[in-house]
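Structural characterization, general
Each chain, letter by letter, is given below.
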Amino acid sequence: MVTLANQNLSVTIKADGAELTSIKDQASGHEFLWQADPSFWNRHAPVLFPIVSRLVDNTYVFQGNTYQLSRHGFARDMVFDLVTAEDNHARFQLSATEATKAYYPFDFDFFINYKLNDNQVTVTYQVHNKATDQEMYYTIGGHPAFNVSLNQDQTFDQVSYQVNPAGQYDLYPLTADGFIDLDLVHTVAVSDHNITREDFKNDAHVCKVSDQTKVTLEDKQANVTVTMQTTDMPYVGIWSTYPADAPFVCLEPWTAPADDIHASGDFTEKFAVSKLASGTTAQHAYTLTYTKD
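As the structure is a computational prediction, the values presented were derived from the model and not from experiment. (Residues numbered from 1 in each chain as written. Predicted model: local features only at pLDDT ≥ 70, side-chain atom pairs only at ≥ 80, totals over all residues. Heavy atoms only, no water.)

A look at the environment of Asn6
Residue placement: Asn6 occurs in the loop between strand S1 (2-5) and strand S2 (9-14). A relative accessible area of 23% means that Asn6 is categorised as partly exposed. In this structure, the C-alpha to C-alpha distance between Asn6 and Asn119, residues 113 residues apart in sequence, is 8.7 Å. If we skip the residues at most four places from it in the chain, Asn6 touches Gln26, Leu116, Asn117 and Asp118. For Asn6, the side chain forms a polar contact with the main-chain nitrogen of Asn8, separated by 2.8 Å. (Helix = DSSP H or I, 4+ residues; strand = E, 2+ residues; numbered from the N terminus. Buried < 20%, exposed > 50% of the residue type's maximum accessible area, 1.4 Å probe, protein only. Contact = heavy atoms within 4.5 Å. Polar contact = N/O pair within 3.5 Å; in protein donor to acceptor, adjacent residues only side chain to side chain.)

Here we look at the sheet that holds S1
Taken in spatial order, the 3 strands line up as S1-S2-S3 in an open sheet, and their pairing is antiparallel. In this open sheet, the two edge strands, each paired with only one partner strand, are S1 and strand S3 (19-25). With strand direction ignored, the average angle separating the axes of adjacent strands in the sheet is 15°. The pairing of S1 with S2 spans 4 bridges and is classified as antiparallel. Its bridge partner lying in S2, Ala5 is registered against Ser10. (Pairing = 2+ DSSP bridges. Axes fitted to C-alpha atoms, helices over the stretch in contact; angles between N-to-C directions.)

Just geometry here; none of it tells us what the structure is for.
Now the structure itself:
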């Protein structure tokens, strides 16, 4: 475990999956991050790499070869090396091995940086293509879950999310199998929304956002807000369990959503896939701002 701390927050990260495990308010002791109760969901904030969500039939084709890759990829289940640990910054690394190349044939270094500043935590993903003669393809995302209050009826009656600026956003409905259907993408007016359990009957709400968009999760009962702003991660999923009454809501920043149901299976044609030239590095980030009154 690595702990970052200042007068506002205490942040803990584990090497397994380079996953956040705790974000506490120093003054009140309030725990913002879901504590992985296995009766609901046994993760805190897994890292999604080299894919977000699902591939059709859990397979893809690259340069004529077919590969198997399970939901959300493998990074969340691997041990990262700790590169740097300071009071307010930690850096972790995962690199390709012969084992990873059996299901993801790219030679990569993947770094995750956690930076604590005042009441903010910034998570930066850096993907480096080590190959000298081959482009690399990937999608990447975060999956942090945040504690929220439930009333006696186990409902979210005092929990909401706000999108700022309010306005028209593209909504990506999910199928019963958790894929997107690009034919059903439509624009909706998004601003403030009081969350109900039924919101997650069809899985996550997925919207396309800009780097200027802020998404805020508010728990009025606990007087807590968590605000997310992304950089080069233009999709945000909002999710909780259904029908189980789990007391958490996820704000998930992604570079791309799940496969389109009409996907060809060719990884180079995957919707919103990121392409990285040999020898180059790409960076994606999100910042979380916490308040507790």
